[in-house]
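As a plain string of letters, each chain reads:
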Amino acid sequence: MSIGLKLFQSLGIDTYQLRDKPKVLNQDHENDWASIESKVATCKKCSLHKGRNNTVFGDGNRSADWFFVGEAPGKDEDLQGKPFVGRAGRLLTEVIFSLGLTRDEVFIANILKCRPPDNRDPKPGEVDQCFSYLEKQIDMVQPKIIIAVGKIAAHSLLGSDLPMGKLRGKIHGFGSNEVPTLVIYHPAYLLRSPSQKHKVWEDLQLANDFLE
Ligand code: URA
Ligand code: SF4
């Protein structure tokens, strides 16, 4: 049993397995994915392309109910071309397990597709240049809920600069379709402040209740 699930149980919180949602993937859809994937792979819209080993497009189920959005690739992600595969990524994987889901059943992407040098925060201009890729991904996946992982993702998606304490604990709407969006603490922060973990489990329970 995952740590997350154990924590939920120790808190006396029920966990739920989401039902599968039949979504039709037609040929146009496949072409759209291939087109945006190749655009990202060769993108030079911002200067981050110069330092990258790999772009990190995003990974997972293209008709997922849950769409996780992180900040930007770190060292491991840049080397492997996959999102959330380092230490913080392992904790995010635990968080996903705690929902009764695997990484293959959700979609995971980042605000930026290329690694900023020394893992510095993304610059607003970089976010502006990269954002349309993420928007298109969200449009195509049509998730039931977006999970903004950490402050940078939350601020970029919600156009807000409120502190995390004010953004978490409620369901926001992303974009003109008002896609339900929940903000959680970044696993890199939880690694530094493990005593805050319970807040993530509580927030995800809110998402679960919302989807029920
Ligand atoms: N942190 C993020 O925000 N995204 C990743 O992909 C890895 C670490
Ligand atoms: Fe293009 Fe985004 Fe990479 Fe910048 S971070 S080069 S906009 S893919």
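Report follows, based on the coordinates. (Residues numbered from 1 in each chain as written. Chains lettered and ligands numbered in written order. Predicted model: local features only at pLDDT ≥ 70, side-chain atom pairs only at ≥ 80, totals over all residues. Heavy atoms only, no water.)

Trp66, Phe68, Ile147 and Leu157 are the most contacted members of the largest nonpolar core, which totals 58 residues. For this core, the element with the highest residue contribution is helix α5 (residues 124-141), accounting for eight residues. Beyond its immediate stretch of four places on either side in the chain, Ile147 contacts Trp66, Phe67, Phe68, Val69, Leu182, Ile184, Leu204 and Ala207. (Core = buried A, V, L, I, M, F, W, Y, C linked by side-chain atoms within 4.5 Å. Buried < 20%, exposed > 50% of the residue type's maximum accessible area, 1.4 Å probe, protein only. Helix = DSSP H or I, 4+ residues; strand = E, 2+ residues; numbered from the N terminus. Contact = heavy atoms within 4.5 Å.)

All right, on to the layout of surface pockets then. What the largest pocket holds in volume is close to 700 Å³. Glu71, Ala88, His186, Ala188 and Arg192 are, among the 28 residues lining the largest pocket, the residues nearest its centre. Per-class residue counts for the lining of the largest pocket are twelve nonpolar, seven polar and nine charged. When its volume is computed, the second largest pocket comes out at roughly 230 Å³. Taken together, Glu135, Ile138, Asp139, Gln142, Pro143, Phe174, Gly175, Ser176, Asn177 and Val179 make up the lining of the second largest pocket. (1 Å grid on protein atoms, 1.4 Å probe; cavity = no way out; pocket = protein on both sides within 12 Å on 5 of 7 lines; lining within 4 Å. Points joined across faces, edges and corners; volume = space filled by probe spheres on them. Nonpolar A, V, L, I, M, F, W, Y, C, P; charged D, E, K, R; others polar.)

The buried fraction of strand β6 (residues 179-184) is high, at six of six residues. Burial along β6 is two-sided: Val179, Thr181 and Val183 and Pro180, Leu182 and Ile184, pointing in opposite directions, are all buried. Pairing geometry for strand β5 (residues 171-174) and β6, over four bridges, is antiparallel. Directly across from Phe174, in β6, lies its bridge partner Val179. (Pairing = 2+ DSSP bridges.)

Another point: the site of ligand 2. Neighbouring ligand 2 are Cys43, Lys45, Cys46, His49, Arg52, Lys113, Cys114, Gln129, Cys130 and Tyr133. Here ligand 2 is seated within the largest cavity. Of the residues assigned to the shell around ligand 2, the class counts are five nonpolar, two polar and three charged. (Near = heavy atom within 4 Å. Sits in = over half its atoms within 2 Å of the grid points.)

One pass over the structure, following the stated rule, counts one cavity of 30 Å³ or more. Taken as a whole, the largest cavity encloses approximately 100 Å³ of empty space. As for the largest cavity, its lining consists of 15 residues, and the residues nearest its centre are Cys43, Cys46, Cys114, Cys130 and Tyr133. A per-element tally of the lining of the largest cavity places α5 first, with four residues. Looking at the lining of the largest cavity, its residues break down into eight nonpolar, three polar and four charged.

Gly70, Glu71, Ala72, Glu77, Pro83, Phe84, Asn110 and His186 make up every residue found near ligand 1. His186 places a side-chain nitrogen or oxygen 2.9 Å from an oxygen atom of ligand 1. When isolated, ligand 1 has an accessible area of 230 Å², and the protein chains bury 91% of it. At a threshold of 2 Å from the grid points, most atoms of ligand 1 map onto the largest pocket. (Polar contact = N/O pair within 3.5 Å; in protein donor to acceptor, adjacent residues only side chain to side chain. Areas by Shrake-Rupley, 256 points an atom, 1.4 Å probe, with all protein chains shown as cover.)

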